Amino acid sequence: MKIAMIGAGYVGLVSGACFAEFGVDVALVDTDASKIDALKAGRIPIYEPRLDQLVVDNAREGRLTFTTDLDEAVQGAEAVFLAVGTPTRRGDGHADLTYVFAAAEQVARAAKGPLVLVTKSTVPVGTGREVKRRVQAARPDLDITVASNPEFLREGAAIGDFMRPDRIVLGVEEGAPGERALAILKRLYRPLYLIETPIVATGLETAEIIKYAANAFLAMKISFINEVADLCEAAGADVQQVARGIGLDGRIGRKFLHAGAGYGGSCFPKDTLAFARTGQAFGTPLRLVEATIAVNEDRKLAMADRVIAACGGDVKGKTIAVLGLTFKPETDDMRDAPSLEIVPKLAAAGALIRAFDPQGIGFARPLLPAAVHYASNAIDAAEGADAVVLLTEWNEFRNIAPEKLIGVMKGNVLLDLRNVYDPVAMREAGFTYYSIGRP
Ligand SMILES: NC(=O)c1ccc[n+]([C@@H]2O[C@H](COP(=O)([O-])OP(=O)(O)OC[C@H]3O[C@@H](n4cnc5c(N)ncnc54)[C@H](O)[C@@H]3O)[C@@H](O)[C@H]2O)c1
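Residues numbered from 1 in each chain as written. Predicted model: local features only at pLDDT ≥ 70, side-chain atom pairs only at ≥ 80, totals over all residues. Heavy atoms only, no water.

### Observations regarding the sheet that holds strand 11 (residues 373-374)
- Reading across the sheet, the six strands line up as 11-10-9-12-13-14 and stay open at both edges, with parallel pairing between neighbours. Two strands bound the open sheet, and with one partner strand each, they are strand 11 and strand 14 (432-434).
- In the sheet, strand 9 (residues 319-323) pairs with strand 10 (residues 352-356) via five bridges, with the strands oriented parallel. In the strand pairing of strand 10, A321 is matched with R354.
- Here helix 13 (residues 287-310) sits on the sheet and contacts strand 9, strand 12 (387-390), strand 13 (413-416) and strand 14; the angle it forms with strand 13, its principal contact strand, is near 160 degrees. (Pairing = 2+ DSSP bridges. Helix = DSSP H or I, 4+ residues; strand = E, 2+ residues; numbered from the N terminus. Contact = heavy atoms within 4.5 Å. Axes fitted to C-alpha atoms, helices over the stretch in contact; angles between N-to-C directions.)

### Some words on the sheet that holds strand 7 (residues 168-172)
- Read from one edge to the other, the open sheet built from eight strands follows the order 3-2-1-4-5-6-7-8, with strand pairing classed as mixed. Looking at strand neighbours, the two that pair on one side only are strand 3 (64-67) and strand 8 (199-203), the edges of this open sheet. On average, each strand axis in the sheet is tilted by 25 degrees relative to the strand beside it, whichever way the strands run.
- As paired elements, strand 7 and strand 8 share five bridges and run parallel to each other.

### A few points about the site of the ligand
- Taken together, 25 residues lie near the ligand, and D30, K35, T86, E155 and K270 sit nearest.
- Protein burial of the ligand: of its 840 Å² of free accessible surface, 89% is covered by the chains.
- Every element with two or more residues in the shell around the ligand is listed here: helix 1 (10-21) and helix 5 (98-110).
- Of the residues assigned to the shell around the ligand, the class counts are 10 nonpolar, eight polar and seven charged.
- A domain-level breakdown of the shell around the ligand finds at least three residues from each of domain 1 (2-197) and domain 2 (212-294). (Near = heavy atom within 4 Å. Areas by Shrake-Rupley, 256 points an atom, 1.4 Å probe, with all protein chains shown as cover. Nonpolar A, V, L, I, M, F, W, Y, C, P; charged D, E, K, R; others polar. Domains from an automatic or database assignment.)

### Topic: the nonpolar core
- If you look at the biggest cluster of nonpolar residues, it comprises 62 residues, and the most contacted ones within it are I320, L325, L346, I353, F397 and Y421.
- It is helix 13 that provides the largest number of residues to this core, a total of five residues.
- Shared between two domains, this core holds at least three residues of each, these being domain 2 (212-294) and domain 3 (303-434).
- Of all hydrophobic cores here, the second largest spans 42 residues; its members include I36, L54, F81 and A158. (Core = buried A, V, L, I, M, F, W, Y, C linked by side-chain atoms within 4.5 Å. Buried < 20%, exposed > 50% of the residue type's maximum accessible area, 1.4 Å probe, protein only.)

Next up, the structure:
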């Protein structure tokens, strides 16, 4: 079986490599020639655990190929996947579908026979129908069926998520074309079918809404626990115990109940915004999603104020070490990371920033103020600092010896915005220690 994957970013590269691992021939296409050149040379343009080996192995076996030539890649492909970006459209918050439509139309023009055009990118409800209209207009002579196969992988755990997903959502057109598309997609996902992964087969619109509803719900859990954390702080309670106390209830679940600095990343901020806009456009406002967004925006900015307050209300001329810049550990993705709000605000207030991130510095550098100094490790970042702020909970930060950290600092303020340290141990080590939602 042969497929083409359009877009070699976090989703396209991982999905393409995983399908190749399933034994499928995958042509991975990107317009960015530097990405394709790097992949051809065996270099992986992003950081994702275990991805390098998977890509190299499958490329060596000849099942995974890389090209900038979309027209050639779609020849002989039974299914063509769109895994291009759908960022926030500037000005109105809707998803920008420029890349999706451009790629779909190019696939249609290049196709020489029938194929299934599968949208893996996260796209608002109605996009599949619009893609269908456009490909039909481009190629009235050809049988191109559209399908929706939203992706739920998490950066940092992407391969495991793709190989052992909680479910596969397959949205298809009505009637015989939809049945044929479903059969092709099920064949493609056969290895997962065999391990009894549930398949949710739906219509196009339903599949599109499932993806946004899932992300919005998870984001809502985060904003919820963050507000509860504020209440805990004010009332002398412990948000981690509250999260455990409610999360053990099977109806609620323990995941996504970690209070912190607000959600970021390449998906939640843009997807919650686009989902809220979709609700408004249909005249069915999603008020919980709108509140989730507002709570999160306020939270990211409030974190900088928290740091300033912990430094005595003024950070002018003070040195602040920032540990972690990416929106979460085990990725180099900086898109919408809380650090992009917090670090510039601290710098604007006059703080001298010494930052360290195990993987994110390359992407962070052009996005953060030029004056930020990048350290080579956590202890180096803390050298001479008045305060240390833990922003991303990389494992290597969890294991720092408190005496070693405080030993190189000038001051003793530690803001643990991910609740990774033990408050008692940190206070015993001499820190003035602040965390989230804990007394
Ligand atoms: N990153 C995630 O964790 C994640 C998870 C689930 C779903 N998604 C969704 O998947 C989609 C892709 O996300 P991503 O993070 O992989 O994006 P990305 O920006 O990392 O990758 C997109 C790639 O598409 C390429 N591209 C754009 N137009 C093209 C064209 N016409 N032909 C060929 N290549 C083209 C770009 O050069 C880029 O390399 C988005 O809709 C996103 O919401 C992302």
